[in-house]
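# Examining the three-dimensional arrangement
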Amino acid sequence: MTNRISQGAVALGAGAVFGIGLSLSGMLDPARVQGFLDVFGAWDPSLAFVLGGAVTVAMIGTALMRRMVRPMLDTVFHLPTATKIDARLVIGSAIFGVGWGLAGLCPGPALSALSLGLMPVVAFVVAMVIGMVVYDRLARGRSA
Amino acid sequence: MTFPYWPSLLGGMLIGLSAAMLLLLNGRIAGVSGIVGRLLQGAQLSTNAAFVIGLVMGPPIYLVLFGHWPAVTITASMPTIVLAGLLVGFGTRMGSGCTSGHGVLGLAGFSRRSMAAVAAFLLAGMLTVTLMRMAGL
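Scope of this entry: the structure provided in the associated data block. (Residues numbered from 1 in each chain as written. Chains lettered and ligands numbered in written order. Predicted model: local features only at pLDDT ≥ 70, side-chain atom pairs only at ≥ 80, totals over all residues. Heavy atoms only, no water.)

## Side note on the layout of surface pockets
Size it by volume and the largest pocket reaches roughly 940 Å³. Taken together, 34 residues make up the lining of the largest pocket; nearest its centre are A:Leu79, A:Pro80, A:Thr81, B:Ile29 and B:Ser96. Those elements that place two or more of their residues in the lining of the largest pocket are helix H3 (46-66) and helix H6 (119-143) of chain A together with helix H2 (32-40), helix H4 (78-94), helix H5 (99-108) and helix H6 (112-134) of chain B. In terms of residues, the lining of the largest pocket owes the most to one element, H5(B), which gives four residues. For the lining of the largest pocket, the residue count by class is nine nonpolar, 17 polar and eight charged. Residue assignment places the lining of the largest pocket across two domains, with domain 1 (1-79) and domain 2 (81-144) of chain A each supplying three or more. (1 Å grid on protein atoms, 1.4 Å probe; cavity = no way out; pocket = protein on both sides within 12 Å on 5 of 7 lines; lining within 4 Å. Points joined across faces, edges and corners; volume = space filled by probe spheres on them. Helix = DSSP H or I, 4+ residues; strand = E, 2+ residues; numbered from the N terminus. Nonpolar A, V, L, I, M, F, W, Y, C, P; charged D, E, K, R; others polar. Domains from an automatic or database assignment.)

## Looking at a nonpolar patch on the surface
A cluster of nonpolar side chains, A:Met119, A:Val122, A:Val126, A:Ile130, A:Val134, A:Leu138, B:Met78, B:Val82 and B:Leu86, forms an exposed patch at the surface whose accessible area comes to about 710 Å². For the nonpolar patch, the secondary structure elements donating two or more residues are H6 of chain A together with H4 of chain B. The dominant element in the nonpolar patch, judged by the number of residues it contributes, is H6(A), at six residues. Secondary-structure assignment places A:Met119 in helix H6. (Patch = residues over 30% accessible without salt bridge, like charges linked within 9 Å, V, L, I, M, F, W, Y side chains within 5 Å. Areas by Shrake-Rupley, 256 points an atom, 1.4 Å probe, with all protein chains shown as cover. Salt bridge = Lys/Arg side-chain N within 4 Å of Asp/Glu carboxyl O.)

## A closer look at the packing of H3(A) against H5(B)
To describe two helices that pack against each other, one gives the angle between their axes and the distance between the axes. Remark: H3(A) packs on H5(B), axes separated minimally by 7 Å, with the N-to-C direction vectors making an angle of 45 degrees. The orientation of H3(A) with respect to H5(B), classified from their angle, is oblique. For the pair H3(A) and H5(B), the crossing hand works out as right-handed. Along its contact with H3(A), which presents A:Leu51, A:Ala54, A:Val55, A:Ala58, A:Met59 and A:Thr62, the element H5(B) presents B:Gly103, B:Val104, B:Leu107 and B:Ala108. Broken down by class, the residue content of the contact of H3(A) with H5(B) amounts to eight nonpolar, two polar and no charged. (Axes fitted to C-alpha atoms, helices over the stretch in contact; angles between N-to-C directions. Parallel < 35°, antiparallel > 145°, perpendicular 65-115°, else oblique. Left-handed = near helix turned anticlockwise from the far one by under 90°. Contact = heavy atoms within 4.5 Å.)

In structure tokens:
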């Protein structure tokens, strides 16, 4: 039970640090994200620095993880087990990329930007949740 | 000449720190689409909800620290926004991840699957924006 509460506190803190990082990085701004994707136009390299900084620090995390038997507040690491590069992965990611380019929003910044109370962001998040539910329904239907 | 990308680099490092925290303490991947997907399925409800609440609290905390809201400039029309949201939701569930899960943690863990996913969404995103610019959007 204590671990449950600690895990919740860690998740809240990690979410807040993520949201502050997004705000500071400029990646909450769809115009900056689209500027990065606009490689043949007025290219804005910011996103490459954001990703570079994030991956570098996360790599320290994954290196430490390999030296640990279990995470500090749980009995096992919950890691993805899939290893195959299949059509589902590539086509799904490409569909995501089209949506990402159209609006300049991906799940993290869209949720985080909800706090600014802008109608387009709210509409995007509602549509995103519907998209997720639709896929999960279809996938469950196929495996059932 | 000053280097204008410090905020991006530092902000990125905070995102990496968040991912490392969640991984080393809770043993979980800080992939936002995965967290939202599990939240919608009612799995690990309290921790996943706590992460999303924290994420939404980020910009107000930034406001307190820096005295202004982070910029959010949206140029897309409402129908485009809705279509984009549907594609992002569907695609991230189908592809098992987004910019955070595949982009940050996947690359940090040298996952070949994540490298393929990142290549796919970056190329698709670049192609989409290029076509939009060609169409004058």
